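Descriptive analysis of the structure
This is what each chain is made of:
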Amino acid sequence: MTVEIDHTLEEIRRFRPSPEFAAQAVASEDLYDRAKADRLGFWADHARELLTWSKPFTRTLDWSNPPFAKWFEDGELNVAVNCLDRHVEAGNGDRVAFHWEGEPGDSKSYTYAQLTEEVKRAANVLESLGVGEGDRVAVYLPMIPEAVISMLAVARIGAIHSVVFGGFSSDSLASRIDDAEAKLVITADGGYRKGKVFPLKPTVDDAVTKSGGSVEHVLVVRRGENDIAWTDRDIWWHEARDAASPEHEAKAFGAEHPLFILYTSGTTGKPKGILHTSGGYLTQVAFTHKNVFDLHPETDVYWSTADVGWITGHSYVVYGPLANGATSVIYEGTPDTPHAGRWWEIIEKYKVSILYAAPTAIRSFMKQGRSIPQQFNLRSLRLLGSVGEPINPEAWIWYRHVIGGGSIPVVDTWWQTETGGIMISALPGVTDLKPGSAQTPIPGISVDILEENGTPVEGEGGGLLVVTEPWPSMLRGIWGDPERFKETYWEKFGDKYFAGDGARRDEDGDIWLLGRVDDVMNVSGHRLSTAEIESSLVAHPYTAEAAVVGASDETTGQAVVAFVILKESQAVLAADFTTTSEELRKHVATQIGAIARPRQVFIVPELPKTRSGKIMRRLLRDLAEGRQIGDTTTLADTSIMEVISSQVR
Ligand code: PRX
């Protein structure tokens, strides 16, 4: 099987860890040896070392009913206590848990003691609203402290959070509320984005009206101070918080108690509710956060720029850093508000030492030029991370040199919503770094690259990436749909987890990710489903048929490009393609969310189909990327691509 990769730069340099870095590194070669000698023992040791268990576990892994794994099953713990109370009890209550920076420049820092108290109060609020063990709570908030507080309060009482990214539409939110039958929604009046207040509460009102009636209350944080409508089910966060007791006794829950559901795009139109549980998840995110980011919690200031609406926000803004007692930065707004140097200003202000960001952001900073970051003091940085999409060697080198000053490690981390934590990454101070490659599975993780037929790819060929052994932070299922869980990830290769990514190994055995092999796109590091956008387009009254492809894009990695056939009754619109395609772009943004808005919508008379009626997206991708159109011999009508091409030009 061949998978294409763009080499933007022939970059063959390797970077050895500097002796100074290696001397202080948290990770060591020994981790690989220990994991190799006894993989399960390795994870059990880390689960005991990194976490505090109310009841110790005696069994590490139960894989008797694959693909349903149970890790540390007879152990009990409280995830929030592991992230908060135990640090206070260990004498670190005065350490800052996070410095929060609002987009307009207001800021607030929370120590571990203060954050613990806020979470206890919020836990009492939730309980007073009748939320209990196993209940689902939807969180639809901007990047404000209450987002973290809400997640931890939900975890503390053994309820299950479903965080929905604040950029999603009311339809998307309603379908997530319904799928999980959320009892409570936590939102804000609005949050700051690009210098303006972006209202959230009206979207929640709309979503709750559209949804099936599971929502009993909406808890509203005051942030934007924008005017909002008020209903009987609404409660102000600050009023409830002030009235709540700062004391809260936390109960321990089983290691396999559900912690959260996070919806992500798959190959069908319906997002999947990825389910994660407690003990295994927290073990792996704490382990990777410590070893991949070389965390020294007493001195480091760590910043992951991800939103809590995505898995990176769950694992590496909230759970990993707090379980490790780290000091973090959380930023509400966009990188370019009020000026293009906002990120660098934040790094200078808080003396950030570890930065974790997406290649899309790095590429857009590259475009703006180095003179912007060079106006700030970035010398506090000592480690850089990348996540969400392949980082091209050119961006890797720029990141290391312009942001990192030329000598600090850059770790490219491959993982997914489903894997819960980092799976493939260099270990800083240990691994020789190779720009563009995610390199090696972390200790305790086994992956392989397979041919379509399931045989391992020999040598340096490309193939399909699989995880060959269960891992602690693996998804435990798709909420309410065990069949889909089996079908999506396990049917193809039996007991091996099929990730949906293409990959190849180089001559040193290092892994290079080659992008998705299914109908999932990756736009700015966000996962989008072609099917979901197609069904949104088809729902518009103009549209008869639609096909969507992810076309490569210099900045965003991929961009959404749609090809639409209009209904005959709308033929008059054919005269004004520009207005029509603009209307359809807007429609997708309203239906799903702004991140899904197509870069282009082409109105075409036909779509390329095989004789069996399957749309050949490969040919549309050629067209969208301005390439020579590939082999068209399997098309039912081979002349159709000429017609479409002339239309697109
Ligand atoms: O295609 C891979 C890509 O992002 C997908 C997972 O998306 P999501 O679940 O939204 O999680 C993103 C944050 C972990 C993967 O299937 N991906 C993620 N990280 C990388 C990557 N592709 C290449 N290199 C990476 N480092």
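Being a predicted model, the structure only gives us computed values, none of them experimental.

1. Overview of the sheet that holds strand β4 (residues 96–101)
In space, the seven strands of this open sheet follow the order β5-β4-β17-β16-β18-β19-β20, with mixed pairing throughout. Of all strands in the sheet, those bounded by a partner on one side alone are β5 (107–111) and β20 (410–413). Mean inter-strand twist for the sheet, computed between neighbouring axes without regard to direction, equals 20 degrees. Across four bridges, the pairing between β4 and strand β17 (residues 327–331) is parallel.

2. Here's the deal with the site of the ligand
Close to the ligand lie 21 residues; Trp414, Gln416, Thr417, Leu513 and Arg527 are nearest. Only α12 (311–323), β20, β24 (497–505) and β25 (511–516) provide two or more residues apiece to the shell around the ligand. For the shell around the ligand, the leading source of residues is β24, giving three residues.

3. Structural notes on the sheet that holds strand β11 (residues 217–221)
Taken together, the eight strands give an open sheet; going across it, the order is β12-β11-β8-β6-β7-β14-β15-β23, and neighbouring strands pair in mixed fashion. Pairing within the sheet leaves two strands with one partner each, and these edge strands are β12 (234–236) and β23 (477–478). As defined by bridge partners, strand β6 (residues 136–140) adjoins strand β7 (residues 160–163) across four bridges and the pair is classed as parallel. If you follow Val139 over to β7, its bridge partner there is Val163. Relative to the sheet, helix α9 (residues 201–210) contacts β6, β8 (184–188) and β11, its axis offset from that of β8 by approximately 155 degrees.

4. Observations concerning the pairing of strand β10 (residues 196–199)
Note that strand β9 (residues 190–193) and β10 share four bridges and pair antiparallel. Bridge assignment links Gly190 to a residue of β10, and that residue is Pro199.

5. A look at the nonpolar core
Ranked by internal contacts, the top residues of the largest apolar core, which has 161 residues, are Leu84, Val139, Met151, Leu152 and Val185. No other element matches helix α7 (residues 145–156), which puts eight residues into this core. Apart from the residues lying within four places of it in its own chain, the contact partners of Val139 are Ala147, Ser150, Met151, His161, Val163, Val164 and Ile186.

6. A look at helix α19 (residues 617–624)
Three or more residues of α19 are buried, namely Leu619, Leu620, Asp622, Leu623 and Ala624. A positive phi of about 70 degrees marks Gly626, the residue just after α19.

7. What about the UniProt feature "modified residue: N6-acetyllysine" (unreviewed entry) in the protein chain?
Feature annotation in UniProt assigns "modified residue: N6-acetyllysine" (unreviewed entry) to the following positions: Lys614. In this structure, Lys614 sits in the loop between β30 (600–603) and α19. Here Lys614 falls in the exposed class, since 11 other C-beta atoms lie within 10 Å of it.

8. Concerning unusual backbone geometry
Cis rather than trans, the peptide bond between Pro66 and Pro67 has omega equal to 5 degrees. Relative to the helices and strands, Pro67 resides in the loop between β1 (61–62) and β2 (70–71). With an omega of 0 degrees, the peptide bond running from Thr337 to Pro338 counts as cis. Relative to the helices and strands, Pro338 resides in the loop between β17 and α13 (342–350). Although it is not a glycine, Asp294 adopts a positive phi angle of roughly 50 degrees. Assignment of secondary structure puts Asp294 in the loop between α11 (279–292) and β16 (301–304). At Lys351, a residue that is not glycine, the phi angle is positive and equals roughly 55 degrees. Looking at the element boundaries, Lys351 is found in the loop between α13 and β18 (354–357).

9. Structural notes on the environment of Asp179
Mapped onto the elements, Asp179 comes out in helix α8 (residues 170–180). Counting along the chain gives 256 residues from Asp179 to Pro435, while the straight-line C-alpha distance between them is 41 Å.

10. Overview of the pairing of strand β27 (residues 526–529)
In summary, the side chains of a regular strand alternate between the two faces of the sheet. Neither face of β27 is left uncovered, since the one carrying His526 and Leu528 and the one carrying Arg527 and Ser529 both have all their residues buried. Pairing of strand β26 (residues 520–523) with β27 involves four bridges; the strand directions are antiparallel. Each residue of the ladder has a partner; that of Asn522, found in β27, is Arg527. Where β26 folds back onto β27 in an antiparallel hairpin, the turn is made up of two residues, including Ser524, whose phi is positive at roughly 55 degrees.

11. Some words on the packing of helix α6 (residues 112–128) against α7
Where α6 contacts α7, the axes come no closer than 8 Å and their chain directions differ by 60 degrees. Crossing of α6 against α7: the hand is right-handed. When α6 is examined against α7, the residues Glu118, Val119, Ala122, Ala123 and Leu126 are found in contact with a partner set consisting of Ile149, Ser150, Leu152, Ala153, Val154 and Arg156. Looking at side-chain class alone, the contact of α6 with α7 contains eight nonpolar, one polar and two charged residues.

Calculation notes
Residues numbered from 1 in each chain as written. Predicted model: local features only at pLDDT ≥ 70, side-chain atom pairs only at ≥ 80, totals over all residues. Pairing = 2+ DSSP bridges. Helix = DSSP H or I, 4+ residues; strand = E, 2+ residues; numbered from the N terminus. Axes fitted to C-alpha atoms, helices over the stretch in contact; angles between N-to-C directions. Near = placed C-beta within 6 Å. Contact = placed C-beta atoms within 7 Å. Core = buried A, V, L, I, M, F, W, Y, C linked by C-beta atoms within 7 Å. Buried ≥ 20, exposed ≤ 12 C-beta atoms within 10 Å, placed from the backbone. UniProt positions renumbered as here; feature names shortened; annotations may be inferred. Left-handed = near helix turned anticlockwise from the far one by under 90°. Nonpolar A, V, L, I, M, F, W, Y, C, P; charged D, E, K, R; others polar.

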